[in-house]
Amino acid sequence: MTPGHEVAGIIAEVGDRVRGWTVGERVAVGWFGGSCGHCAFCRDGDVVHCPERKVPGLSYPGGWAQSITVPADALARIPDGLDPFDAAVFGCAGVTCFNAVRKAGTRTGGRVAVFGLGGLGHLAVQFAARLGYETVAIARGADREELARGLGARHYIDSTRRAPGAALADLGGADHVVCTASSTEALDELATGLRAHGRLTLVGVDDGSLCLPVGRLVSQGLSVTGHLTGSARDTEEAMAFAVTNGVRPMIERMPLREAGEAVSRLRSAAPRFRVVLDPAQV
């Protein structure tokens, strides 16, 4: 199986029964790679949770190739003004962070904290700031503060110097904490930084477990939710918002033939922050 579920390209062919798409259009495909179209979730518009949903690179050959064939309902149009190398990232990381922030129901002008400043977190900080929230970035090390503030964070918390939940509490607490780091280890303490009726949204995950005091959840009316990507239409909205508000991923381009090296760099956390493979680069 060919991997790759963040893809951008140009339509080269359309199937005989495909309507609404034409050769030459710029499109992106993300983690959502198609759905059945007839189950209760699809009929309710929640195609991401279709039991028969498809994922490029898992359900069919993915985007680490010069061409890819996908269901038409997986396509998202790339707007003018967005480079295809940036657009590819919006198919999963971009739309995931966009939806996680905008659909949380945070009050206008509320405080949103982003835990982790990596491939997901650097996008979540930008979205939270551009959506008008008082944004707090939480990451390891003082060296990332300048970057966090440049992305739009009003506050920065170095988690190597201070427990992030306690630091958030000193700021007055957060209405929403978006956890983009792929670790559950710090979540118990992190949740202490939520205000009453605050929400903790898990985006980055590992195989760990979540352990929170039930009394705190009940007495403060807290919510803990998981969030999974978005539909093709959500991806279009994320890209349109990005063009209007200047949100862009930080990427490194590498030739497709160096995919193995790209994976090695990812495993060592070397890129800042996402690698996009170029099949045309020699």
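In what follows, the structure referred to is the one given above.
Draft legend 1. Inspection of the packing of aromatic side chains at higher detail. Going through the model one piece at a time under the given rule, you end up with four aromatic pairs. When the ring of Phe-90 is compared with that of Phe-127, the centres are 6.4 Å apart and the planes differ by 80°; the resulting orientation is edge-to-face. One end of the pair, Phe-90, is in helix H2 (residues 84-102); the other, Phe-127, is in helix H3 (residues 121-130), and 37 residues separate them in sequence. For Phe-90, a relative accessible area of 0% gives the class buried. Pairing Phe-98 with Phe-241 gives two aromatic rings, centres 5.3 Å apart and planes at 40°, and the pair type is tilted. Of this pair, Phe-98 sits in helix H2 while Phe-241 sits in helix H8 (residues 232-245), and the two are 143 residues apart along the sequence. Taking relative accessible area as the criterion, Phe-98 reaches 4% and is therefore assigned buried. For Phe-241, a relative accessible area of 15% corresponds to the buried category. An aromatic cluster of at least three residues, connected via ring pairs, comprises Phe-90, Phe-98, Phe-127 and Phe-241. Sitting over the face of the ring of Trp-21, Arg-77 holds its NZ or CZ atom 3.9 Å from the ring centroid.

What counts, and at which threshold
- Residues numbered from 1 in each chain as written.
- Predicted model: local features only at pLDDT ≥ 70, side-chain atom pairs only at ≥ 80, totals over all residues.
- Heavy atoms only, no water.
- Phe/Tyr/Trp six-rings, centres within 6.5 Å; stacked < 30°, edge-to-face > 60°.
- Helix = DSSP H or I, 4+ residues; strand = E, 2+ residues; numbered from the N terminus.
- Buried < 20%, exposed > 50% of the residue type's maximum accessible area, 1.4 Å probe, protein only.
- Lys NZ or Arg CZ within 6 Å of the ring centre and 35° of its normal.

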